[in-house]
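An overview of the molecular structure
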Amino acid sequence: MSEGFLNQEFRKNRGYDDYLKYMEKHPDTPLIQMDTVKGCREQGKRLLTLHFCNTNMMLMFLMRDGKADTVVEQFDMLTGLLGLEEFRKVFPAILTDNGSEFKHTRDLETTEDGKKRTKVFYCDPQASWQKPQIEKNHEFIRYVLPKGKTLNPYTQEDMLLLANNINSIRRESLGNKSPYEATTDKSILRLMELMGLHTVPADEVNLTPALLKR
């Protein structure tokens, strides 16, 4: 059981006010928000999303369930993929909500051998509006995977396809560039290459259920 469930210490120095103070002291830190997308019920596969607010680019990882240990596994996977130093550059600080899947704070922030890799902050309870960018981007997911539809038939390759289509939509806020086109950070570009993320031509973007037929 996580330290959060045992003693409610997981939020200490990691609340939303702490996040605002941290960002004020470190204004060059990229804004990254984290959340999950459920299928038709609590059981079964769940989608972990990581959203880079400066470009609206969203990473998507299909997990076998919504348990806290499974979220930690995604962090371990990304650390192994990028290396610790690159992980720190890409994910210096992350804002998320108070879902039980995010309560293994110490394991999220620290590698198995005790090395610091990121800093996790939590929105106030029942205040999803404090991370509006990722909530807005989730609407694109629902165009293809409506609420109530199980995620169990899908694979990570399906989620990469969906991410590529979402991240290829041009946005007014980015000067009519897509999130992929707006991404210039070398470490993030390397992560995109390692994950197989790439631009979909504008006239081929598909955000309908037909994209993932199951």
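Attention in this report is confined to the structure presented alongside it. (Residues numbered from 1 in each chain as written. Predicted model: local features only at pLDDT ≥ 70, side-chain atom pairs only at ≥ 80, totals over all residues. Heavy atoms only, no water.)

1. So, the pattern of salt bridges
- All chains considered together, the criterion is met by 14 salt bridges.
- Across the salt bridge formed by Glu86 and Lys89, the nearest N and O atoms sit 3.4 Å from each other. Here Glu86 pairs with Lys89, and both are found in helix H4 (residues 84-90), just three residues apart, close to one helical turn.
- Note on Glu86: relative accessible area 18%, which makes it buried.
- A salt bridge links Glu139 to Lys136; the shortest N-O distance between them is 3.3 Å. Taken together, the positions of Glu139 and Lys136, both in helix H6 (residues 132-144) and three residues apart, correspond to about one turn of that helix.
- Residue class for Glu139 comes out partly exposed when judged on its relative accessible area of 38%. (Salt bridge = Lys/Arg side-chain N within 4 Å of Asp/Glu carboxyl O. Helix = DSSP H or I, 4+ residues; strand = E, 2+ residues; numbered from the N terminus. Buried < 20%, exposed > 50% of the residue type's maximum accessible area, 1.4 Å probe, protein only.)

2. Points about the nonpolar core
- Membership of the largest hydrophobic core comes to 48 residues, with the highest contact counts inside it found for Leu50, Leu59, Met60, Phe91, Ile141, Leu145 and Leu162.
- The greatest single-element share of this core, amounting to seven residues, is contributed by strand S3 (residues 57-63).
- Among residues more than four places away in sequence, those in contact with Met60 are Leu47, Leu48, Thr49, Ile141, Gln156, Met159, Leu162, Ala163 and Ile166.
- In terms of nonpolar packing, the next biggest core, distinct from the first, is built from eight residues, Tyr19, Met23, Phe121 and Cys123 among them. (Core = buried A, V, L, I, M, F, W, Y, C linked by side-chain atoms within 4.5 Å. Contact = heavy atoms within 4.5 Å.)

3. A look at helix H9 (residues 186-195)
- Listing the buried residues of H9 in full gives Ser187, Ile188, Leu191, Met192 and Met195. Buried positions in H9, seen along its axis, are confined to an arc of 145° and lie on one side of it. Projecting away from the buried face of H9 at angles above 90 degrees are the exposed residues Lys186 and Glu193.
- Those residues of H9 that are buried are in contact with strand S2 (46-52), S3, helix H3 (68-82), H4, helix H7 (156-166) and helix H8 (179-182).
- Sitting at the amino-terminal end of H9 is Asp185, which places a side-chain oxygen 3.0 Å from the backbone nitrogen of Ser187.
- Following H9 by one or two positions, Gly196 has its phi on the positive side, about 85°. (Arc of directions from axis to C-beta. Polar contact = N/O pair within 3.5 Å; in protein donor to acceptor, adjacent residues only side chain to side chain.)

4. What about the packing of H3 against H9?
- Running from N to C, H3 and H9 point in directions that differ by 105°, and their axes come no closer than 10 Å. Taken as axis vectors, H3 and H9 run roughly perpendicular relative to one another. Within the contact between the two elements, H3 uses Leu78, Leu81 and Leu82 and H9 uses Ser187, Arg190, Leu191, Leu194 and Met195.
- A breakdown of the residues in the contact of H3 with H9 according to their chemical character gives six nonpolar, one polar and one charged. (Axes fitted to C-alpha atoms, helices over the stretch in contact; angles between N-to-C directions. Parallel < 35°, antiparallel > 145°, perpendicular 65-115°, else oblique. Nonpolar A, V, L, I, M, F, W, Y, C, P; charged D, E, K, R; others polar.)

5. Observations regarding the pairing of S2
- Of all seven residues making up S2, seven are buried, and the element is well covered by its neighbours.
- What you see with S2 is no split at all: Arg46, Leu48, Leu50 and Phe52 on one side and Leu47, Thr49 and His51 on the other are buried throughout.
- Where S2 meets S3, seven bridges bridge the pair, whose relative direction is antiparallel. From the neighbouring strand, Leu50 faces S3, where its bridge partner is Leu59. (Pairing = 2+ DSSP bridges.)

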